[in-house]
Amino acid sequence: MKKMPTHCPSCSEQLTVRRLKCAVCETEVEGVYPLPLISGLSNEEQMFVLSFIKASGSLKEMAAIMNVSYPTVRNKLNEIIRKIEETERCQGEPNE
Amino acid sequence: MSKINTPGARLRRWIVSDTSKTSWLFNPFVTIAGWKALWIGVTVILVAGHLGSYSNTHFDGVLDMHSGRNAPQWVFLAAGIIDWLCMGIIFWIIGKTVVKKPFRAIDVFGTQALARWPALFIALATLPPAYTRFIHILIAYSRTQKMPDGLNPADAVMFGATVVIMLLALIWMIRLMYSGYSISCDPQREKAVRTFVIGLVIAEIISKVIIVGIITGIAGAGR
């Protein structure tokens, strides 16, 4: 799966969406839309967050699926939380 | 879809790829913690205590092992349990003090129990009679300041090898204790080593006081 670029390769600032296109009727919409906060995570981190939601937020279930210990999963979640908080700080305000 | 490409397997590969190739040796807690680690760990502690009773090897402190003193069987078993409980309680308190995120007490106690499994190697290493014979010679020498007759050089070599095994196992055990604390409490990297050392010293003092001061006293009085 191709990873959508979220930061400018030239100046490292966060990119925004300028154009959206309907795949069926090819209607195009232009504007400036900020990327969702979760797009700043890596593919694996996004997959982790999705699995977490699918597991109804049960770290125990996540640990059983991945065959790793509970604290390993919880620490990974803490790491993602730290990353999101860091991104929020860089953006200046929480992405709510 | 084969099991190896399921989302769970891919996530596992990603999580485990963060850990080093020696994690099975120094950080088994990536895959085992909680109750499972606790039951295995407590069993190992009791087996090590039982084996230690054959050579009068006491785990009389979180980082201590001493050979030579006779004691009832329960003293050997209780010492290992007290060492583990001291580590668990102290690191749980430290975790609650310095870590802002929640963590489970069972992971702290479970990982600290399993971290003591190198004690099994120490207890096994002290089983050969040559080790006990040399200990008796050392005890006799310390009392009389004279080298007793019958010193076998092979016993001295065996004793030296046992001490080396003990030291390596002790270093391994400390490394496992750190991994257990680090993974179960998830302290910030810069605080992890400092708080671990403080916790280890406090646990060592408390366990020593309980085992030598109280348990050995009760055992002595009961004889």
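Residues numbered from 1 in each chain as written. Chains lettered and ligands numbered in written order. Predicted model: local features only at pLDDT ≥ 70, side-chain atom pairs only at ≥ 80, totals over all residues. Heavy atoms only, no water.

Some thoughts on the overall build of chain A
Then, in step 1: Assigned secondary structure in chain A consists of 3 helices and 2 strands.
Then, in step 2: The N-to-C order of helical and strand elements in chain A reads β-β-α-α-α.
Then, in step 3: Taken against the 2.2 N^0.38 rule, which gives 12 Å for 96 residues, the C-alpha radius of gyration of chain A at 17 Å runs more than 25% over that of a compact globule.
Then, in step 4: Structurally, chain A occupies a C-alpha span of about 45 × 35 × 25 Å along its principal axes.
Then, in step 5: In chain A, which comprises 96 residues, the proportion classed as buried is 31%.
Then, in step 6: Roughly 6600 Å² of accessible area belongs to chain A as shown, and the carbon and sulfur atoms make up 55% of that amount. (Helix = DSSP H or I, 4+ residues; strand = E, 2+ residues; numbered from the N terminus. Rg over C-alpha atoms; globule rule 2.2 N^0.38 Å. Buried < 20%, exposed > 50% of the residue type's maximum accessible area, 1.4 Å probe, protein only. Areas by Shrake-Rupley, 256 points an atom, 1.4 Å probe, with all protein chains shown as cover.)

Section: helix α1 (residues 43-54) of chain A
One turn of the α-helix equals 3.6 residues, which is why residues spaced by three or four share an orientation.
Then, in step 1: The terminal C-alpha atoms of α1(A), which comprises 12 residues, lie 16 Å apart, in line with the 16 Å expected from a rise of 1.5 Å per residue.
Then, in step 2: Listed in full, the buried residues belonging to α1(A) are Glu45(A), Met47(A), Phe48(A), Val49(A) and Ser51(A).
Then, in step 3: In this structure, the buried residues of α1(A) make contact with α2 (59-66) and α3 (70-91) of chain A together with α1 (7-17) of chain B. (Expected span 1.5 Å × (residues − 1). Contact = heavy atoms within 4.5 Å.)

Describing the packing of aromatic side chains
Then, in step 1: If you walk through the whole model with that rule in mind, you get 12 aromatic pairs over all chains.
Then, in step 2: Judged by centre distance (5.6 Å) and plane angle (45 degrees), the rings of Phe121(B) and Trp172(B) are tilted. Of the two residues, Phe121(B) is situated in helix α6 (residues 118-125) and Trp172(B) in helix α8 (residues 153-185); the sequence distance between them amounts to 51 residues.
Then, in step 3: Residue class for Phe121(B) comes out partly exposed when judged on its relative accessible area of 35%.
Then, in step 4: Here the aromatic cluster, defined as three or more aromatic residues joined through ring pairs, consists of Phe91(B), Tyr178(B), Tyr181(B) and Phe196(B).
Then, in step 5: Lying across the ring of Trp14(B), Lys76(A) places its NZ or CZ 4.6 Å from the centre.
Then, in step 6: A cation over a ring is seen here: Arg104(B) above Tyr70(A), with NZ or CZ 3.7 Å from the ring centre. (Phe/Tyr/Trp six-rings, centres within 6.5 Å; stacked < 30°, edge-to-face > 60°. Lys NZ or Arg CZ within 6 Å of the ring centre and 35° of its normal.)

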